[in-house]
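If you want the building blocks of each chain, they are given just below.
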Amino acid sequence: MRPLPVLLLAAVLPYTVNAQPIAFPVSKGTRTSGSPAADTLRPFGLLRDQAFQQQRWFELRMERTLPMLMRREGVDMWVVPMREYNEDPLFKAITSPTTFAARRRTIYVFFDRGAQGVERIALGGTSQGNVFKAVRSMKPVPQPAAGSRGNERQAELWGDEQWSVLKQVIEERKPNKIAINTSRIFAFADGLSSGEKEGMLQALGAPWTSKIVNAEALAVDLIAARQPEEEAAFTELNRVAWAIISEAFSNKVITPGVTKADDVVWWMRQRLADLGLSTWFQPSVEVQRAFGSPELVGVNPTILKGDVLHCDFGVTALGLNTDTQHMGYVLKDGETEVPAGLRKALANSNRLQDLTLEELKPGRTGNDVLKAVLARMRAEKIDGTEYSHPIGLHGHGAGALIGLWDYQDGVPGRGDHKIIPGMWYSIELQATTPVPEWNNQQVRSAQEEDVIIDASGKVRWAFGRQATFHVVR
């Protein structure tokens, strides 16, 4: 484990965002927006810098990943319609970071022209930074548009006119297979709403409707696939998560006998806000106590000496997400280190992490990995549970699930998907161990760390993995 400063986290980023080291304000009011001092509180630079980087990643996804996936699936056309505030889950993967919602109705069309590449058309909406060819109506506006002095602008596509233009686009290109996003298994591949599907099929008619196929793997893997250029940012996001957890599980935040679990939760949330960051779920802090069942410890207990602490915490920035679970311990009077039985509990969950990384390989299904990991875990007599998931544009991301806490025999459908190179996972699991110092009471060591599967299929920790407890003295 690399040493991690708490008050200052200095890192030179190998990517192009104008990042600053994390510097935590000494007291309230020290942050002045727009000043050089305030800029040090933005670990990933200004919003404009971040959007520039995200736009580049988006362009690379369209240039590299999209053609490969369409050809892998044998699909020469992919049609993705959506309406404002009812966006397809694919929306984040196929639009610019400065686009927050679909424009009225937008129909994104991808057509594989072979050696000429994949043609990208937006029927409605904008070009997303010249990534798509934006098609507007041929109708002139009857009066000057808002903020315009003339009526030279063309009207936007509207209503059934969009379906007519889509049919024209299809008839001109004559695709063999038209993929759409409908699925009974993956939410990420089920973005075509019933109304949009009804309108599209009615407008297209035969023979085009007979060429329609589901795009399950295509949609899931386009969302799941990450570019190598994103990896440095993901490493830094995980570094930030570690820094915040490290300070949260310390005497700077926790005073035994005074601080409650929810006090730590809200400190973590506030720290993210102070850094100009956000999260995709409410953090949690849980307490395990010798001779104390969860019912006895309570929902929001005061943290006491001798308590085992656990947190679940995620950071969101640059359109990416992290997911981290770490363990902490509050030393009793006279203790200078964490009891050996608790250290063994953490070592068991570390070993389960090792087994997962060894079995996590592109080309295998999530259920294949789950079965192999659990067989090895049982052979080593570890009492544990495996429930790892993809991560990236979403916290619980697109791709193969490796177990659920209540599905340890395999996850039908979502666990049958294959792992691909160039995706990320949250290795989430727990090992339960009897602790002699606690009269052999079972202690649950739940850990979660993010990993990168690179383009070659090699797996590595995004930043690191916790091998020793955070200690509150």
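Just so it is clear, the model here is predicted, and its values are computed rather than measured.

Novice: Explain the packing of aromatic side chains to me, using residue names and the numbers behind them.
Specialist: This structure, assessed with the given rule, holds 6 aromatic pairs. Relative to Phe110, the ring of Trp78 lies with its centre 5.6 Å away and its plane at 45°, an arrangement referred to as tilted. Here Trp78, found in strand β3 (residues 77-83), pairs with Phe110, found in strand β4 (residues 105-112); they are 32 residues apart in sequence, far enough to count as distant. Here the aromatic rings of Trp280 and Phe281 are separated by 4.6 Å at their centres, their planes lie at 75°, and the arrangement is edge-to-face. Its relative accessible area of 26% is what places Trp280 among the partly exposed residues.

Novice: Kindly report on the layout of surface pockets, identifying the contributing residues and their values.
Specialist: Of the volumes computed, that of the largest pocket is approximately 650 Å³. Lining the largest pocket are 25 residues, and of these Gln54, Pro97, Leu318, Gly319 and Leu320 sit closest to its centre. Elements with a minimum of two residues in the lining of the largest pocket: α2 (47-72), β11 (316-317) and β12 (320-321). Per-element tally for the lining of the largest pocket: the top contributor is α2, with 7 residues.

Novice: A description of the pairing of strand β13 (residues 324-330) should follow, citing residues and the corresponding values.
Specialist: Within β13, 7 of the 7 residues are buried, leaving the element largely enclosed by the surrounding structure. Here β13 shows no split at all, with Thr324, His326, Gly328 and Val330 on one side and Gln325, Met327 and Tyr329 on the other all buried. Here 6 bridges tie strand β10 (residues 308-313) to β13, and the two strands are oriented antiparallel to one another. Bridging across to β13, Phe313 finds its partner in Thr324. Sheet topology places β13 next to strand β19 (residues 470-472); 3 bridges connect them, and they run parallel. Residue pairing in the sheet places Val330 in a bridge with Val472 of β19.

Novice: Give me the pattern of salt bridges: which residues, what numbers.
Specialist: On inspection of all chains with the given rule, the structure shows 23 salt bridges. Close ionic contact of Glu73 with Arg72 constitutes a salt bridge, the shortest N to O distance being 2.9 Å. Look at Glu73 and you get partly exposed, because its relative accessible area is 31%. Taken together, the salt bridges that share partners define one network made up of Arg351, Glu358, Glu359, Arg364, Arg376 and Glu380.

What counts, and at which threshold
- Residues numbered from 1 in each chain as written.
- Predicted model: local features only at pLDDT ≥ 70, side-chain atom pairs only at ≥ 80, totals over all residues.
- Heavy atoms only, no water.
- Phe/Tyr/Trp six-rings, centres within 6.5 Å; stacked < 30°, edge-to-face > 60°.
- Helix = DSSP H or I, 4+ residues; strand = E, 2+ residues; numbered from the N terminus.
- Buried < 20%, exposed > 50% of the residue type's maximum accessible area, 1.4 Å probe, protein only.
- 1 Å grid on protein atoms, 1.4 Å probe; cavity = no way out; pocket = protein on both sides within 12 Å on 5 of 7 lines; lining within 4 Å.
- Points joined across faces, edges and corners; volume = space filled by probe spheres on them.
- Pairing = 2+ DSSP bridges.
- Salt bridge = Lys/Arg side-chain N within 4 Å of Asp/Glu carboxyl O.

These results come straight from atomic positions and should not be treated as a statement about function.
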